[in-house]
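If you want the building blocks of each chain, they are given just below.
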Amino acid sequence: MTATRLKYFQTGSFAAGNRLVEPSERSEQAAPGRANAITCGHRACQGCGEALGARYALDAAMRATGGELIAANATGCLEVFSTPYPESSWQLPWIHSLFGNAAAVSTGIAAALRAKGNTRTRVIGQGGDGGTVDIGFACLSGMFERGDDVLFICYDNEAYMNTGVQRSAATPPSARTATTQAVGEAPGAPWGQGKNAPLIALAHEIPYVATATIADLRDLEAKVERAMQIRGARYLHVLVTCPLGWGTASGDAIRVARLAVETGIFPVWEGGDGEVTAVTRIRHRTPVEEYLKLQTRFRHLFTPVRDDATIARIQARADRNIERFGLVGEAGQHPLDLHEEGGS
Amino acid sequence: MPEQLEGSQAVARTVAACRPEVICAYPISPQTHIVEALSRLVKSGALHPCEFVNVESEYAAMSVAIGASATGARAYTATASQGLLYMAEALYNASGLGLPIVMTVANRAIGAPINIWNDHSDSMSQRDSGWIQLYVESNQEAADVHVQAFRIAEALSLPVMVCMDGFILTHAVERVELPDPDRVDAFLPAFEPRQLLDPSAPVTIGAMVGPEAYTEVRYLAHYKQMQALDLIPEVAAAFQQAFGRASGGLLRPYRSSDAETIVVALGSVLGTIEDCVDQLRDDGHRIGAVGLRTFRPWPAEEVRRALEGARHVIVLEKALSVGIGGIVAQNVHRALEGLPITVHTVIAGLGGRPITMASLRSLCERGLAGTLPDTTFLDLEEALVDAEIGRMRGGRRSGPHAENMLRDVGTVGAAGLT
Amino acid sequence: MFETRFHGRGGQGVVTSAELLAVAAFQEGRHAQAFPSFGSERTGAPVVSFCRIDDRPIRTREPISAPDAVIIIDPTLLHHVDVFSGLTPGSQVLVNSSRSAEELGLGDLCSSHRVARLQVVPATELARRYLGRPLPNAALLGALAAMTGIVAVDSVAAAIFERFSGEVGQGNARAAYAAAELVPPSSGRAAPEEAPGGPTVMAGTSHA
Ligand SMILES: Cc1ncc(C[n+]2csc(CCOP(=O)(O)OP(=O)(O)O)c2C)c(N)n1
Ligand code: SF4
Ligand SMILES: [Mg+2]
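Residues numbered from 1 in each chain as written. Chains lettered and ligands numbered in written order. Predicted model: local features only at pLDDT ≥ 70, side-chain atom pairs only at ≥ 80, totals over all residues. Heavy atoms only, no water.

**What about the coordination of the magnesium ion (ligand 3)?**
Residue and element names in this part refer to chain A. Within the protein, Asp129 (OD), Asn157 (OD1) and Ala159 (O) serve as the donor atoms for the magnesium ion (ligand 3), at 2.0 to 2.1 Å. Within one chain, the residues serving as donors to the magnesium ion (ligand 3) are arranged as D-x27-N-x1-A. With Asp129 in helix H4 (residues 129–134) and Ala159 in the loop between strand S4 (151–156) and helix H6 (197–203), this residue pair connects regions lying 30 residues apart in the sequence. When its relative accessible area of 0% is taken as the criterion, Asp129 is described as buried. We classify Ala159 as buried; its relative accessible area is 5%. (Donors = N, O, S within 2.8 Å, 3.2 Å for Na, K, Ca; no water. Helix = DSSP H or I, 4+ residues; strand = E, 2+ residues; numbered from the N terminus. Buried < 20%, exposed > 50% of the residue type's maximum accessible area, 1.4 Å probe, protein only.)

As structure tokens, then:
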């Protein structure tokens, strides 16, 4: 399956109903026999983007591997809400060990499979942004560097949500968290230089790196599918919204994720072997303000007085992404428009 | 002036009054409220000068504290459970280097199975790390002991862990009188490091030491920590002098002077134990309690003195040394060597299991009647354990214990009040 | 010692309610201890919190198993969680709902003499009206104060003002007083022994 961009979509949401696409291109979620890797009854908040993203990603991986899949999970919301005692949502073999070691546990699973001559069963490691870009980063980098046969998926909700919304290295500047509160001269998270985990993954020269969001779930599925066709270390960084931590309405989970893309705040791209090879174009370029306004974690930028300077700074970051990744322009014009309209 | 405060806020505001210059933080329940409150105090400018560093792991948290302390800054961090274990290598390093870092441990169980609730497995697992370990009974004591901890740490140039029960204390809102900041300033002299990274007087910290002197360095670590047995009561007395409250120290007896049976415990469960002692005293039983405040260094002499008149000692502890049993009990045993006293181990409150008055009372009654076995797991669900042992005997691939037993417990049992 | 247990869902201020009650008692110079039964609960999951009030320092730390009062912040829990566990014939129960006890299926709770008193208060409605938001906690605390006499409604208001400033504080306090108005007064300072002999059912006028 390719990341075909559909011509028919709803105005505003750009969502495409399954009935508009060829059966072979329909979302795995439409398949009556889907694996349902994370079954219902888990305890995520209403409108949890992580629950949504993980369900699509794992069901796509189950399809791609014919159900021959083992998952290793870092500590975090996904782990906690999916295994409320005495129940488990997981319908595949799944292990949770620790917070910082999911990539290494995945390596161990892959090594055991190799030792046993099992080439069918594949491995996914997964965690939140904290478990990936902070405490798990050393193990992750080691896994990349060795080229272990693991797809690692980071569900990035931009903070440590499970412990009550503390700042991580993926928290955007100026966002309010419990450890970067909206007080003092520069309220919210400080302006560092950022830690761009997907680009760092790419710098390991691994064969597959991509970003995705829950606003384009067919794209997410396609990327998981493609990743599972490849052997070696692979990385998928999925932006997932979190109503609790971001202070958004539960019903806005997808809308906010879409705005992250349409504003240029979160570039969606695909690459491997050190190069970015494809990007998702912005359909309607939108000012960052539209994105920020929906989230109480940025409320201090608007009340009691509007902080134009900081909003402009955030806009400049988005503009830089747009320029750097070529996110705006006519389809087919940019060298990275590989699978725009028709597939790669 | 007393306030009605959450334990974590009380600790955060007290730590701020101690004027730390570097605070490192990594989130883990149930410690988060403490560092969140401190982050706010620093960011708002209320605590100044102070650097608040949001690090990427506990290993980094302790390492940042090590760097800061070696550079002469008063350094503080807080953690719990998995986080404490994740910093284990740096913990030994901090004490080995003799750096006076103060850390709050919001006591929590260790996984697997992952469990966020209170017990003492985390700090007990680091009892040999070279850190001084102080345990507190209430949020008032938590606040007070932090002030004492900085003074003890800096006087001896050793790191101090203040252990407070996670959730039970950190999340409890109760009456606390915060140590007055001016008096804290008077009580706590400015940090004068014993060793300092300073270009004007360069020293080497952390050099390799071979067989020729390693034993001596370790001996000194022990010697220094044992000095705390004199210093801790001195500091507690000075604190009482300055603030008018008794907090901290080595241990505290409760109605135990004429007791035949004495319950020994640490932390917040002492409150319930004291209520239980009162009830049993009302019924005419000669029972008392001894609350340990300092666990490392081990106050062997004081423990012996506090317990020597008893016939039965019940050590109630919220940790388990797998393969032998009680941890505190082993230490108590040693302190009572040669005395005609039986020491019973009671493992209780693991992973947040409530220690109820009813269970405590029947436990003490069995102790008084002389029918308590050597080791008891308080409120153990034996049927659950037996079923799992049966499964293990029944076949090779019996599966993960935790999941099996949870299935036996069933949804109804699990959804009750935990 | 007076022990209250609160039942609600994550995100409904269950823990804050217990804390406010403790602060209200503290304002009266009494000793109070509030604590949550903490799980890794997400928004919407059942949550329990506790508050003890006494004239002496409180030492015990065990969860409250035989409460003098139970407050059910979210009536959808009534048939999911055992909110009535440990009730004694002296216990008082306060439920947030615009419906009557019978409509809620609680009629037998009183007729079977399992509790001393059951009171239903439309706290969410009151909060909408006075606060503009469906946050029933202040109203329930006002009702609890009136029902049990364990603290004065003024102390509840004082606790609210300590926690919430401006309009939010004002609105919450108004909701607390309004709820207290709906509740017939208690026979004095609550103690299980003093609770009225026979069970009484009172449903606040639901469209206040
Ligand atoms: C060594 C260690 N430190 C801290 C924790 C506490 N902890 C558990 S989950 C979590 C946050 C997870 O954040 P993230 O990885 O971003 O996942 P999210 O919950 O946001 O999905 C933290 C800090 C832990 N379990 N182990
Ligand atoms: S806190 Fe956020 S990430 Fe966690 S379950 Fe709730 S919505 Fe999902
Ligand atoms: Mg996260």
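**Observations regarding the nonpolar core**
Tyr155, Leu236 and Leu292 of chain A are the most contacted members of the largest nonpolar core, which totals 60 residues. When residues in this core are grouped by element, the largest group, 9 residues, is from helix H1 (residues 49–65) of chain A. Residue contacts for Leu292 of chain A: discarding those within four places in its chain leaves Phe298, Leu301, Phe302, Ile311 and Ile314 of chain A. Leu84, Leu91, Leu292 and Val303 of chain B belong to the second largest nonpolar core, which has 53 residues in total. (Core = buried A, V, L, I, M, F, W, Y, C linked by side-chain atoms within 4.5 Å. Contact = heavy atoms within 4.5 Å.)

**So, the site of ligand 1**
In the vicinity of ligand 1 lie 23 residues, with Glu50, Cys77, Gly130 and Gly131 of chain A together with Glu58 of chain B positioned nearest. More than one chain reaches ligand 1: its neighbouring residues belong to chains A and B. Contacts to ligand 1 include Glu50 of chain A, whose side-chain N or O atom sits 2.8 Å from an oxygen atom. A distance of 2.8 Å separates an oxygen atom of ligand 1 from a polar atom in the backbone of Gly130 of chain A. When ligand 1 is considered free in solution it has 590 Å² of accessible area, and contact with the protein chains removes 97% of it. Counting residues per element, the ones that place at least two in the shell around ligand 1 are H4 of chain A together with helix H4 (81–86) of chain B. (Near = heavy atom within 4 Å. Polar contact = N/O pair within 3.5 Å; in protein donor to acceptor, adjacent residues only side chain to side chain. Areas by Shrake-Rupley, 256 points an atom, 1.4 Å probe, with all protein chains shown as cover.)

**Quick word on the pattern of salt bridges**
Applying the stated criterion across every chain, the model contains 43 salt bridges over all chains. One salt bridge connects Arg306 of chain A with Asp308 of chain A, and the closest N-O pair in it is separated by 2.7 Å. Among the residues examined, Asp308 of chain A registers a relative accessible area of 47% and is labelled partly exposed. In this structure, Asp185 of chain B engages Arg19 of chain B in a salt bridge whose closest nitrogen and oxygen atoms are separated by 2.8 Å. Here Arg19 of chain B lies in the loop between helix H1 (7–17) and strand S2 (22–25) and Asp185 of chain B lies in helix H8 (residues 181–187), a separation of 166 residues in the sequence. One network of salt bridges, with partners in common, ties together Arg255, Glu274, Asp275 and Asp278 of chain B together with Arg59 of chain C. (Salt bridge = Lys/Arg side-chain N within 4 Å of Asp/Glu carboxyl O.)

**Describing the interface of chain C and chain B**
Taken together, the contact between chain C and chain B spans 25 residues of the former and 29 residues of the latter. Across the chain C to chain B interface the summed buried area is about 2,200 Å²; carbon plus sulfur atoms make up 54%. Applying the counting rule to chain C against chain B returns 4 salt bridges. Note that Glu174 of chain B and Arg61 of chain C form a salt bridge whose closest N and O atoms lie 2.7 Å from each other. Counting every contact that joins chain C to chain B gives 11 residue pairs in polar contact (both at pLDDT 80 or more). Looking at the side of chain C that touches chain B, the elements that each hand over two or more residues are strand S1 (2–9), helix H1 (14–27) and strand S2 (31–37) of chain C. The biggest single contributor to the side of chain C that touches chain B is S2 of chain C, with 7 residues. (Buried area = accessible area lost by both parts, 1.4 Å probe.)

**A short note on the pairing of strand S5 (residues 92–96) of chain C**
Successive side chains on a regular strand alternate, one facing one side of the sheet and the next facing the other. Counting buried residues in S5 of chain C gives 5 out of 5 residues, a clear majority hidden from the surface. Burial along S5 of chain C is two-sided: the residues Gln92, Leu94 and Asn96 of chain C and Val93 and Val95 of chain C are all buried.

**Focus: H1 of chain A**
All names here are of chain A. An ideal rise of 1.5 Å per residue puts 24 Å on 17 residues; H1 measures up with 24 Å between its terminal C-alpha atoms. Along H1, 14 of the 17 residues are buried, which leaves the element largely enclosed by surrounding structure. Remark: Gly66 follows H1 within two positions and exhibits a positive phi of approximately 60°. (Expected span 1.5 Å × (residues − 1).)

**Thoughts on the site of ligand 2**
All residues in the neighbourhood of ligand 2 are listed as Ala44, Cys45, Cys48, Cys77, Phe81, Asn157, Cys242, Pro243 and Leu244 of chain A together with Arg42 of chain C. More than one chain reaches ligand 2: its neighbouring residues belong to chains A and C. Counting only elements with at least two residues in the shell around ligand 2, the list comes to helix H2 (77–82) and helix H8 (243–246) of chain A. Taken together, the residues of the shell around ligand 2 sort by class into 8 nonpolar, 1 polar and 1 charged. (Nonpolar A, V, L, I, M, F, W, Y, C, P; charged D, E, K, R; others polar.)

**Focus: the sheet that holds strand S6 (residues 132–135) of chain B**
Residue and element names in this part refer to chain B. Within the open sheet, the 7 strands sit side by side as S3-S2-S4-S5-S7-S6-S12. Their pairing is mixed. Of all strands in the sheet, those bounded by a partner on one side alone are strand S3 (51–54) and strand S12 (294–296). Neighbour-to-neighbour, the strand axes of this sheet turn through a mean angle of 20°, independent of strand direction. Against the sheet, helix H7 (residues 139–156) touches strand S4 (75–79), strand S5 (102–107), S6 and strand S7 (160–165), its axis set at about 170° to S7. (Pairing = 2+ DSSP bridges. Axes fitted to C-alpha atoms, helices over the stretch in contact; angles between N-to-C directions.)

**Looking at a negative patch on the surface**
A contiguous patch of negative charge on the surface is contributed by Asp379, Glu381, Glu382 and Asp386 of chain B. Assignment of secondary structure puts Glu381 of chain B in the loop between strand S15 (375–377) and helix H14 (382–394). (Patch = residues over 30% accessible without salt bridge, like charges linked within 9 Å, V, L, I, M, F, W, Y side chains within 5 Å. Lys, Arg positive; Asp, Glu negative; His and termini not counted. Charge placed at Lys NZ, Arg CZ, Asp CG, Glu CD.)

**Side note on unusual backbone geometry**
Cis rather than trans, the peptide bond between Ser29 of chain B and Pro30 of chain B has omega equal to 0°. Inspection of the secondary structure assignment puts Pro30 of chain B in the loop between S2 and helix H2 (32–43). Of note, the bond from Ala112 of chain B into Pro113 of chain B is cis; its omega dihedral lies within 30 degrees of zero at -10°. Within the secondary structure, Pro113 of chain B is located in the loop between S5 and helix H6 (121–125). Look at Asn36 of chain A: it is not a glycine, yet its phi comes out positive at around 55°. One can find Asn36 of chain A in the segment before H1. Positive phi is not limited to glycine here, since Glu205 of chain A has a value of about 60°. The exposure class of Glu205 of chain A is exposed, given its relative accessible area of 52%.

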